[in-house]
Amino acid sequence: MLTIDFTGQTVVVIGGTSGINRGIAEAFARHGARVAVASRTSQKVADTVAALQHLGAEAMGFVADVRDYDAVVAGFAEVAAAFGAIDVLVSGAAGNFPALAENMSPNGFKSVVDIDLLGTYHVLRAAHPHLRRPGGSVINISAPQAVLGMVGQAHVCAAKAGVDMITRTLALEWGPEGIRLNSVIPGPIEGTEGMRRLAPTPEIHEACRKSVPMRRMGVPDDVANACLFLASPLAAYVHGVVLPVDGGWLLGGYTAVGAAMEPLLRAMPARDKP
Ligand code: NAP
Ligand code: COA
């Protein structure tokens, strides 16, 4: 019988110190894994490691900005030395702010692309020597912006579409080594930093909820459960897919949030530099 049990396995969650990714780290901890998390803020790393240990898991963390390749390489070396080969890698560090393309500076656009897209490449590239083969599983945390355009999200749309193409391309390159790669696209997840930024008023939040065919926002466990499945033997032949976990949002409702945000974004002052 195939089961979802990660006892004895090493799981690394990059950007795992808050929101959806922390929910994913905790879910793997509850299912027996030893878990490592990483992000830029040492206090968030320390708090998350303590919370994972409180759940009974062996846990560690490292501080790194995914834009700094050398720091990411050093972090994975620490994890591999302490925990051995990596069975599951979740790459979810991301940055976002809503702004019209003409109102953000080139550096604003670049910051998000550097974190989401270049950062994903850095993470996967640095993890590659340490991934278990055969048997390793990589999950990239993507976003609906990878699939459809959204007003105020040119940087995120470009970056996350790139993330999914990394998933597909490395599925071709690393599949023969016995490493599976997949992307997960969370829908609107309640109580997260992402939704605070993309649905900043109660009215837009409500428009968002109503636009989901299932008529509810998601919770971090909705995304975490999909990650448990994708990393488990139940998904042994699932490779190179981009899986929405969104209550059907991408079937049509998603664009309603962009429409609700548009007047607010058009009224925002430009941040571009001369
Ligand atoms: P969040 O709480 O802000 O999580 C982002 C995580 O990434 C934090 O742990 C953050 O910690 C870390 N991080 C940010 N920049 C980093 C950098 N440069 N280097 C290393 N770590 C960095 O956001 P969230 O809303 O839960 O989103 C989590 C993921 O889900 C993201 O990939 C996002 O695109 C995706 N997503 C979210 C939603 C949603 O509804 N929220 C929907 C679709 C997709 P530090 O600040 O300590 O670095
Ligand atoms: N509107 C327009 N431009 C913005 C902006 C906004 N709301 N917020 C930041 N920027 C621009 C800045 O002006 C700067 O460009 P400039 O140097 O030309 O002025 C550029 O983005 C970088 O800003 P900075 O604050 O120096 O970047 P950072 O590397 O410290 O932080 C961010 C990266 C901007 C993405 C920040 O929001 C972040 O750290 N986010 C992580 C959490 C998050 O976004 N969670 C949700 C995930 S979905």
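Residues numbered from 1 in each chain as written. Chains lettered and ligands numbered in written order. Predicted model: local features only at pLDDT ≥ 70, side-chain atom pairs only at ≥ 80, totals over all residues. Heavy atoms only, no water.

A. Broad picture of the site of ligand 1. Inspection of the region around ligand 1 gives 31 residues, with S18, S39, R40, T41 and T192 positioned closest. At 2.7 Å from an oxygen atom of ligand 1 is found a side-chain nitrogen or oxygen belonging to S18. In the complex, the protein chains occlude 90% of the 880 Å² of accessible area that ligand 1 would expose alone. Here the shell around ligand 1 is built from residues that sort into 13 nonpolar, 12 polar and six charged. (Near = heavy atom within 4 Å. Polar contact = N/O pair within 3.5 Å; in protein donor to acceptor, adjacent residues only side chain to side chain. Areas by Shrake-Rupley, 256 points an atom, 1.4 Å probe, with all protein chains shown as cover. Nonpolar A, V, L, I, M, F, W, Y, C, P; charged D, E, K, R; others polar.)

B. Region of the structure containing the side chain of S232. If you trace the backbone, S232 turns up in the loop between α8 (220-231) and β7 (242-245). Engagement of the side chain of S232 in a polar contact is seen with the backbone oxygen of F229, the distance being 2.8 Å. Those residues within four positions of S232 in sequence are excluded, and the remaining contacts are T3, I4, F6 and R180. (Helix = DSSP H or I, 4+ residues; strand = E, 2+ residues; numbered from the N terminus. Contact = heavy atoms within 4.5 Å.)

C. Looking closely at the packing of helix α1 (residues 19-30) against α8. As a packed pair, α1 and α8 sit with axes 8 Å apart at the nearest point and diverge in direction by 50°. Compared by their axis directions, α1 and α8 come out oblique. When you trace α1 past α8, the crossing you get is right-handed. Taken together, the residues of α8 that come into contact with α1 (itself represented by G19, I20, G23, I24, A27, F28 and R30) are P220, D221, V223, A224, C227, L228 and A231. Here the contact of α1 with α8 is built from residues that sort into 10 nonpolar, two polar and two charged. (Axes fitted to C-alpha atoms, helices over the stretch in contact; angles between N-to-C directions. Parallel < 35°, antiparallel > 145°, perpendicular 65-115°, else oblique. Left-handed = near helix turned anticlockwise from the far one by under 90°.)

D. Representation of the site of ligand 2 in the model. Taken together, 17 residues sit near ligand 2, with R67, N96, S105, N107 and R197 positioned nearest. N96 has a polar backbone atom sitting 2.8 Å from an oxygen atom of ligand 2. The side chain of R197 places a nitrogen or oxygen atom 2.8 Å from an oxygen atom of ligand 2. Here ligand 2, which alone exposes 940 Å², has 67% of that area covered by the protein. For the shell around ligand 2, the elements supplying multiple residues, two or more each, are α4 (106-127) and α6 (193-198). The element contributing the most residues to the shell around ligand 2 is α4, with four residues.

E. Spatial organisation of the environment of D87. Tracing the backbone shows D87 in the loop between α3 (69-83) and β4 (88-91). You can call D87 buried: its relative accessible area is 7%. For the pair D87 and H130, spaced 43 residues apart in the sequence, the C-alpha separation amounts to 8.9 Å. Here D87 is in contact with G8, Q9, T10, R132, G135, G136 and S137, once residues within four sequence places are set aside. (Buried < 20%, exposed > 50% of the residue type's maximum accessible area, 1.4 Å probe, protein only.)

F. Representation of the nonpolar core. Counting 31 residues, the largest nonpolar core has I24, F28, V35, V90, I139, V184 and C227 as the members making the most contacts within it. Of all the secondary structure elements, the ones that give two or more residues to this core are β1 (10-14), α1, β2 (34-39), α2 (42-54), β4, β5 (137-141) and α8. Sorting elements by how many residues they give to this core places α8 first, with seven residues. Setting aside chain neighbours within four positions, we find V90 in contact with V12, V13, I14, I24, F28, I139 and I141. (Core = buried A, V, L, I, M, F, W, Y, C linked by side-chain atoms within 4.5 Å.)

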